[in-house]
Amino acid sequence: MIDRMEHVAQLLFKGERLLSLGRLADVMMSRMLDDGETGVMLGENILTGQFVLCDAYLAGLDMAFVDGETQIALGISGHPGAEEEVSQARLARLCYALASDTPVQAVIWPGTDIRLPSDRFVSNLAPLMDSSVPPSVALPDRPKGLRGLTSRLLRSS
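Since the structure is predicted, the reported quantities are computational estimates derived from the model, not experimental observations. (Residues numbered from 1 in each chain as written. Predicted model: local features only at pLDDT ≥ 70, side-chain atom pairs only at ≥ 80, totals over all residues. Heavy atoms only, no water.)

Things to note about the overall build of the protein chain
Quick note on the threshold: Helix and strand assignments come from DSSP, with helices taken as H or I runs of at least 4 residues and strands as E runs of at least 2, each series counted from the N terminus. The classification of residues rests on relative accessible area computed with a 1.4 Å probe and restricted to protein chains. Under 20% of the type maximum is buried, over 50% is exposed, and intermediate values are partly exposed. Contact criterion: two residues are considered in contact whenever any of their non-hydrogen atoms come within 4.5 Å of each other. The Shrake-Rupley method, run with a 1.4 Å probe sphere, supplies the accessible areas, and residue values consider only the shown protein chains as cover.
Along the backbone of the protein chain there are 5 helices and 7 strands. Going from the N terminus to the C terminus, the protein chain shows its helices and strands as β-α-β-β-β-β-α-β-β-α-α-α. Every one of the 157 residues in the protein chain was classed for burial, and the buried ones make up 49%. Look at the contacts in the protein chain between residues 6 or more apart in sequence, and 61% of them connect residues 24 or more apart. Approximately 7700 Å² of the protein chain is accessible, and the part contributed by carbon and sulfur atoms is 52%.

What follows is the structure, encoded as structure tokens:
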């Protein structure tokens, strides 16, 4: 189901086999609430996945074990007509929250194959993510703040 989402990032946990999808979903729900999203609730829970939804979008986690590491696909899907930059900003905020609060070792941003070390990912996005303004409000007023997010992340690696 994650593969049908608009934007999917990969979170890599080397050697971590006992990750709790419920714990990851809690971190995502907290971020959504901090961003001022409404209607935040736990959605469908499947064997290797968990969904969290709010009024603006759906976020999903899907876990796989590949070559000794746990890979979590984090995908989001907005409502029809959602702006691409708003969707990427929401994904970045969720990735940032998970990379800041869990033992993520690397992040693979959509459209790349580059493993960005988690500490670099967090430190490069901290000035944007620690803003108290949620992405749905920030983008129309500050479109340059998240434009080129992929290129900024790649330049820092």
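Notes on the sheet that holds strand S7 (residues 116-117)
Counted only if it meets this: Strand pairing is assigned whenever DSSP identifies at least 2 bridges connecting the two strands. Note on geometry: axes are lines fitted to C-alpha atoms, helical ones only across the stretch in contact, with angles between N-to-C directions running from 0 to 180 degrees.
Here 7 strands make up an open sheet; going across it, the order is S2-S3-S4-S5-S1-S6-S7 and the pairing antiparallel. Every interior strand has two partners, whereas the edge strands, strand S2 (41-46) and S7, have only one. As paired strands, S2 and strand S3 (residues 49-53) are joined by 4 bridges and run antiparallel to one another. Each residue of the ladder has a partner; that of Met 41, found in S3, is Leu 53. The strands touched by helix H2 (residues 84-101) are strand S1 (7-14), strand S4 (57-66) and strand S5 (69-78); relative to S1, the strand with the most contacts, the crossing angle is about 15°.

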